[in-house]
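Working through the structure, step by step
Residues per chain, in single letters:
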Amino acid sequence: RMEKLYYFLPGFFRRVIWKYVLSHPKTAFSYMGNVAFTTVGTMGNVNGWFIPTSIHPICFGTGAIIKKPKVVDNKIEIREILNMTVLLDHDVVDGSPMARFINDLAKNVEDATFL
């Protein structure tokens, strides 16, 4: 019930609540988790990238799956391409583990490893 009341509060009071929640990581995690996922792919064939904004340590943003020419084994083939943006908080994760994670993620998506 108290969470529904939040939307009726004045802006300055909502910012005070956000400041409190964000200064207490365990509280923030219990309400929001630590990963956000958003997509614009359901809104048609958007051929491009977008940059989501988030307060989460990691945020995934995906576009539509579209068909594009791609070079595979020195041949141009039509493939389905998923545009994905990944925002990672550099205060939480260092650069090398980030790069390895993105590399592993791309390989798993391309190979459909967990399907």
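For the structure itself, look to the data block above.
Residues numbered from 1 in each chain as written. Predicted model: local features only at pLDDT ≥ 70, side-chain atom pairs only at ≥ 80, totals over all residues. Heavy atoms only, no water.

**A word on the sheet that holds strand E2 (residues 58-72)**
- Taken together, three strands build an open sheet; the order of strands is E1-E2-E3 and the sheet is mixed. What marks the edges here is a single partner per strand, and that holds for strand E1 (35-39) and strand E3 (75-88). Neighbour to neighbour, the strand axes of the sheet diverge by 30° on average, direction disregarded.
- Across five bridges, the pairing between E1 and E2 is parallel. Within E2, the residue paired with Thr39 across the bridge is Thr62.
- Across the sheet, helix H4 (residues 95-111) is in contact with E2 and E3; its angle to E3 comes to roughly 140°. (Pairing = 2+ DSSP bridges. Helix = DSSP H or I, 4+ residues; strand = E, 2+ residues; numbered from the N terminus. Axes fitted to C-alpha atoms, helices over the stretch in contact; angles between N-to-C directions. Contact = heavy atoms within 4.5 Å.)

**Observations concerning the packing of aromatic side chains**
- Under the definition given, this model contains three aromatic pairs.
- Arranged with centres 6.3 Å apart and planes meeting at 40°, the rings of Phe37 and Phe60 form a pair that is tilted. With a gap of 23 residues between them, Phe37 in strand E1 and Phe60 in strand E2 connect regions that are remote in the sequence.
- An aromatic cluster of at least three residues, connected via ring pairs, comprises Phe37, Phe60 and Phe101. (Phe/Tyr/Trp six-rings, centres within 6.5 Å; stacked < 30°, edge-to-face > 60°.)

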